[in-house]
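Residues per chain, in single letters:
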Amino acid sequence: GIQVEQSPPDLILQEGANSTLRCNFSDSVNNLQWFHQNPWGQLINLFYIPSGTKQNGRLSATTVATERYSLLYISSSQTTDSGVYFCAVVIGNQFYFGTGTSLTVIP
Amino acid sequence: DSGVTQTPKHLITATGQRVTLRCSPRSGDLSVYWYQQSLDQGLQFLIQYYNGEERAKGNILERFSAQQFPDLHSELNLSSLELGDSALYFCASSVIPGLMETQYFGPGTRLLVL
């Protein structure tokens, strides 16, 4: 079956530090997206990024579709960045989520 | 606030019962998606509707069904409930139907089956 693997599973950062989250996928994808789930459970879209690089403030993402991975960069992390980051891919007409990276930013 | 509303916020019921979860999309959004998040299965896509028609189907059990009404709100019906159905159920909406269009998520309905 389709595999969407995220690493690391857990990450603890000091406020102000930078981090890179990775998403590997086993098949060619139509699309890829990154989500953030905050500690209260709310899910928010971050990036829609089937290929290339996008930036939004302190966050940026790069997808290399030919090598089947995507990276999410968080710079100058803040406590509000805490939560779980999911990548999700669309293959055909199906949507597959990774298992997430749990990020804790400590002041 | 995403503009997507879900009711109820919490639901506690017994095995074998049937429940209905309701979702109202953002004003103007024609597409509604349902997701299940559980500890053992993680986040799973269940089903998508666009303007009243089923658009895509994911890992939705046969005991579950959904529909989207003419006013665009959607309901997810879960029947013959089992302990393993305990989960957080999210609804999301988007303007257009592509599975990767920007989706706006509701706060979720937390279902506990005892």
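Residues numbered from 1 in each chain as written. Chains lettered and ligands numbered in written order. Predicted model: local features only at pLDDT ≥ 70, side-chain atom pairs only at ≥ 80, totals over all residues. Heavy atoms only, no water.

Trainee: Teacher, can you tell me more about the sheet that holds strand β6 (residues 52-56) of chain A here?
Mentor: Adjacent strands of a sheet pair through backbone hydrogen bonds, lying either parallel or antiparallel. Residues and elements named next belong to chain A. Reading across the sheet, the 5 strands line up as β1-β3-β8-β7-β6 and stay open at both edges, with antiparallel pairing between neighbours. Two strands close off the open sheet at either side, each with one partner strand: β1 (4-7) and β6. This sheet shows a mean twist of 15° between the axes of neighbouring strands, independent of strand direction. Here β6 runs beside strand β7 (residues 59-64); their pairing, made up of 5 bridges, is antiparallel. Residue pairing across strands places Q55 opposite S60, the latter belonging to β7. (Pairing = 2+ DSSP bridges. Helix = DSSP H or I, 4+ residues; strand = E, 2+ residues; numbered from the N terminus. Axes fitted to C-alpha atoms, helices over the stretch in contact; angles between N-to-C directions.)

Trainee: How should a nonpolar patch on the surface be read in this particular structure?
Mentor: Residue and element names in this part refer to chain B. On the surface, I12, L112 and L114 cluster together to form a nonpolar patch covering roughly 310 Å² of accessible area. Relative to the helices and strands, L112 is located in strand β11 (residues 109-113). The exposure class assigned to L112 is partly exposed, which follows from its relative accessible area of 38%. (Patch = residues over 30% accessible without salt bridge, like charges linked within 9 Å, V, L, I, M, F, W, Y side chains within 5 Å. Areas by Shrake-Rupley, 256 points an atom, 1.4 Å probe, with all protein chains shown as cover. Salt bridge = Lys/Arg side-chain N within 4 Å of Asp/Glu carboxyl O. Buried < 20%, exposed > 50% of the residue type's maximum accessible area, 1.4 Å probe, protein only.)

Trainee: Looking at this model, I keep getting lost on the interface of chain A and chain B. Mind explaining?
Mentor: Note: interface size is frequently given as the accessible area lost on complex formation between the parts. Contact residues are listed per partner, giving 18 residues for chain A and 19 residues for chain B. The contact between chain A and chain B buries some 1500 Å² in all, and 61% of this surface belongs to carbon and sulfur atoms. Linking chain A with chain B are 0 salt bridges, by the criterion used here. Sorting the residues of the side of chain A that touches chain B by element identifies β4 (31-37), β5 (43-48), β9 (83-91) and β10 (94-97) of chain A as the ones contributing at least two each. Residues belonging to the side of chain A that touches chain B are distributed by class as follows: 10 nonpolar, 8 polar and no charged. (Contact = heavy atoms within 4.5 Å. Buried area = accessible area lost by both parts, 1.4 Å probe. Nonpolar A, V, L, I, M, F, W, Y, C, P; charged D, E, K, R; others polar.)

Trainee: What is the right way to look at the state of the cysteines in this model?
Mentor: Each disulfide is one covalent bond, formed between the sulfur atoms of two cysteines. Enumeration according to the criterion identifies 2 disulfides over all chains in this entry. Each disulfide pairs two cysteine sulfurs, and for C23(A) the partner residue is C87(A), the sulfurs being separated by 2.0 Å. Here C23(A) and C87(A) share a disulfide; its torsion about the S-S bond, 70°, makes the bridge right-handed. Placement of C23(A) in strand β3 (residues 19-25) and of C87(A) in strand β9 is noted, with a sequence separation of 64 residues between them. Take C23(A) and C87(A): they sit in the same class, and that class is buried. There is a disulfide in this structure between C23(B) and C91(B), and the S-S distance comes to 1.7 Å. What sets the handedness of the C23(B) and C91(B) disulfide is the S-S torsion sign, and at about -45° it is left-handed. Separated by 68 residues along the polypeptide, C23(B) in strand β3 (residues 19-24) and C91(B) in strand β9 (residues 87-94) bring together distant segments of the chain. Residue classification places C91(B) among the buried positions, given a relative accessible area of 0%. (Disulfide = S-S within 2.5 Å.)

Trainee: Where do I start with the pattern of salt bridges in this structure?
Mentor: Opposite charge on two side chains permits them to pair, given that their charged atoms come into close proximity. All names here are of chain B. Counting across every chain of the model gives 4 salt bridges over all chains. Between D29 and R26 there is a salt bridge, with the nearest N and O atoms lying 2.8 Å from each other. Taking the relative accessible area as the measure of exposure, D29 reaches 1% and is therefore buried. E82 is the partner of R63 in a salt bridge, and the nearest nitrogen-oxygen pair spans 3.7 Å. Placement of R63 in the loop between β6 (53-57) and β7 (64-68) and of E82 in the loop between β8 (74-78) and β9 is noted, with a sequence separation of 19 residues between them. In this structure R63 comes out as buried when scored by relative accessible area, which is 19%. Residue E82 is classed as partly exposed on the basis of its relative accessible area of 43%. Ionic contacts of the salt-bridge type, sharing partners, join the residues R63, E82 and D85 into one network.

Trainee: Explanation requested: the packing of aromatic side chains in the structure shown.
Mentor: One pair of aromatic rings is described through two measures. These are the centre distance and the angle between the planes. Scanning the model with the defined rule gives 12 aromatic pairs over all chains in all. With a centroid separation of 5.6 Å and 40° between ring planes, the pair formed by Y35(B) and F105(B) is classed as tilted. Of this pair, Y35(B) sits in strand β4 (residues 31-38) while F105(B) is found in strand β10 (residues 104-105), placing the two residues 70 residues apart along the sequence. Of the residues examined, Y35(B) reaches a relative accessible area of 0% and is grouped as buried. Look at F105(B) and you get buried, because its relative accessible area is 1%. Linked through ring pairs, F35(A), F86(A), F95(A), F97(A), Y35(B), F45(B), F90(B) and F105(B) together constitute an aromatic cluster. (Phe/Tyr/Trp six-rings, centres within 6.5 Å; stacked < 30°, edge-to-face > 60°.)

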